[in-house]
Structures are given as structure tokens and as C-alpha cells.
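The lines below spell out each chain.
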Amino acid sequence: SMSKIKIERRDKMETQEFRDKVSKVGTVLKMSVEFPSDEDMRWHKYAYLIKENQKVRILSGGYQNEHKLHISGDFPRSIKGESSHYGNQININVSDSKTPEQIARDIERRLLPVYLPELEKAVDQVNSTNLYHQKRQANIQKMADYFGVEFKEDKDPSIWVYDSIKGLGSGIQAHGEDTV
């Protein structure tokens, strides 16, 4: 006779259960927790654990990962929105049936040792990129003031200085150094 095998299927984690679990993980790691709006949570259950410039994203489920928490390190962007981290995404998967303490330990043991050194590099990168943009902006303003014109910035590094009297546009390259 055929033996019957009972397969128990655990349902996806409910939003409230996710919120409670992530909040406890945050408490254990001494990180604050940021949840998206309830509207956003209808599509993807996710949250951020935040401490200083650390931002760890926890996503429940996701494609083919129904009973996993996908946990990844987030990196800052420059004032122009440029990415600061070009390496592989730094992430781990953890079973969503683990306790908050176990999840916190997994984050400490498996994610943070890889994420934190990369984050430090990314923060340095963002700071120097931002400094470059600020200096460049100041140089462009100096030029514009000098020529008595206004500038409009394009996506490329050349700035078009437009002379409204003559109706002429001329391209000038501005850099973060004191060169034009």
C-alpha cells in the first residue's frame, strides 16, 4: 500500500510577526528600526536596522525564498546619487523561523564582518566625491560670476555657460581642483 506523507506547509510570515521579530533583532543589536509605510509593506515586507552610518536591510521572503530573511548591507550614495560600493552585494539568508537572538547573532557573525570594512571604504568614497562636487560647484559659480552669466548644469562634466545678451553658449570644463 502507498504510504501517505503529510507535508506541512508553513505560511509566509505575517506583517505583524515580521515587525515584532525585526524590532527584537534591533533591540538585541542596539540598532534602531525603520519600517516602510503599511502600503509598501503590502508588497514587500522589509525594514532597516540603523546605527550611525550602518544600514542593514531585512527583506522577508522574496523570489523563491519564501521562508528566508534576506539580510543585506546598504551603502550611502553621494549628493548626486552616485553609488559608493561597486563590489558584490553583501548579504546573507537566514531562516525566518529563527529567534530574534539567533538572527541577531547571524548578522553579527556572518554579515557585519564583511559589511563594516566595505562600508568604511564606501563612506570615504562618498565623502571625497561630495567634496569634489562641492568644490566643482564653487568653481562653476566663480566662473559664472566672473563672466556675469548664469550656468545650467548638464549630466556631463562640461558646463554650458550661456550668455543671454549675445545668445551664445560655450562649453567650459569645470573640475573639483582649481582648474577650468
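Residues numbered from 1 in each chain as written. Predicted model: local features only at pLDDT ≥ 70, side-chain atom pairs only at ≥ 80, totals over all residues. Heavy atoms only, no water.

Concerning unusual backbone geometry
Inference 1: The phi dihedral of Lys30 is positive, around 55°, even though this residue is not glycine.
Inference 2: Position of Lys30 relative to the elements: it lies in the loop between helix H1 (15–29) and strand E1 (32–34).
Inference 3: For Lys30, a relative accessible area of 68% gives the class exposed.
Inference 4: Non-glycine residue Glu52 carries a positive phi angle of around 50°.
Inference 5: Checked against the element boundaries, Glu52 lands in the loop between strand E2 (46–51) and strand E3 (54–60). (Helix = DSSP H or I, 4+ residues; strand = E, 2+ residues; numbered from the N terminus. Buried < 20%, exposed > 50% of the residue type's maximum accessible area, 1.4 Å probe, protein only.)

Details of the environment of Phe35
Inference 1: In this fold, Phe35 is placed in the loop between E1 and helix H2 (38–41).
Inference 2: Taking relative accessible area as the criterion, Phe35 reaches 23% and is therefore assigned partly exposed.
Inference 3: Taking the C-alpha atoms as reference points, Phe35 and Val22, separated by 13 residues in sequence, lie 9.4 Å from one another.
Inference 4: Setting aside its immediate chain neighbours within four residues, Phe35 contacts Phe18, Arg19, Val22, Ser23, Met41, Tyr46 and Ala47. (Contact = heavy atoms within 4.5 Å.)

Focus on the packing of H1 against helix H3 (residues 100–147)
How two helices pack is summed up by the angle between their axes together with the distance between the axes.
Inference 1: Where H1 contacts H3, the axes come no closer than 8 Å and their chain directions differ by 55°. Regarding the angle of H1 to H3, the classification is oblique. The chirality of how H1 crosses H3 is right-handed. On H3, the residues touching Lys21, Lys24, Val25, Val28 and Leu29 of H1 are Pro100, Glu101, Ile103, Ala104, Ile107 and Glu108.
Inference 2: Here the contact of H1 with H3 is composed, by residue class, of seven nonpolar, no polar and four charged. (Axes fitted to C-alpha atoms, helices over the stretch in contact; angles between N-to-C directions. Parallel < 35°, antiparallel > 145°, perpendicular 65-115°, else oblique. Left-handed = near helix turned anticlockwise from the far one by under 90°. Nonpolar A, V, L, I, M, F, W, Y, C, P; charged D, E, K, R; others polar.)

Observations concerning the pattern of salt bridges
Inference 1: One pass over the structure, following the stated rule, counts six salt bridges.
Inference 2: Linked by salt bridges that have partners in common, Lys98, Asp106, Arg109 and Arg110 make up one network. (Salt bridge = Lys/Arg side-chain N within 4 Å of Asp/Glu carboxyl O.)

Remarks on the packing of aromatic side chains
Inference 1: A full pass over the atoms with the stated rule returns three aromatic pairs.
Inference 2: Considering the side-chain rings of Tyr46 and Tyr48, the 6.0 Å spacing of their centres and the 85° angle between planes classify their relative orientation as edge-to-face.
Inference 3: Judged by its relative accessible area of 15%, Tyr46 is buried.
Inference 4: Look at Tyr48 and you get buried, because its relative accessible area is 16%.
Inference 5: Judged by centre distance (5.4 Å) and plane angle (70°), the ring pair of Phe75 and Tyr115 falls under edge-to-face. Taken as a pair, Phe75 in the loop between strand E4 (68–73) and strand E5 (91–95) and Tyr115 in helix H3 lie far apart in primary sequence, 40 residues in all.
Inference 6: Take Phe75: its relative accessible area is 16%, and that puts it in the buried class.
Inference 7: Taking relative accessible area as the criterion, Tyr115 reaches 0% and is therefore assigned buried. (Phe/Tyr/Trp six-rings, centres within 6.5 Å; stacked < 30°, edge-to-face > 60°.)

Considering the sheet that holds E5
Working definition: the strands of a sheet are paired by backbone hydrogen bonds and lie parallel or antiparallel to each other.
Inference 1: Here we have five strands laid out as an open sheet, ordered E1-E2-E3-E4-E5, and antiparallel in their pairing. Since the sheet does not close on itself, it has two edges, and those belong to E1 and E5, each with one partner. Adjacent strand axes in the sheet meet at a mean angle of 25°, parallel and antiparallel pairs treated alike.
Inference 2: Pairing of E2 with E3, which is carried by six bridges, proceeds in the antiparallel orientation. Residue pairing in the sheet places Lys51 in a bridge with Gln54 of E3.
Inference 3: Against the sheet, H1 touches E1, E2, E3 and E4, its axis set at about 15° to E2. (Pairing = 2+ DSSP bridges.)

From the geometry alone we can't say anything about function, so treat these as descriptive.
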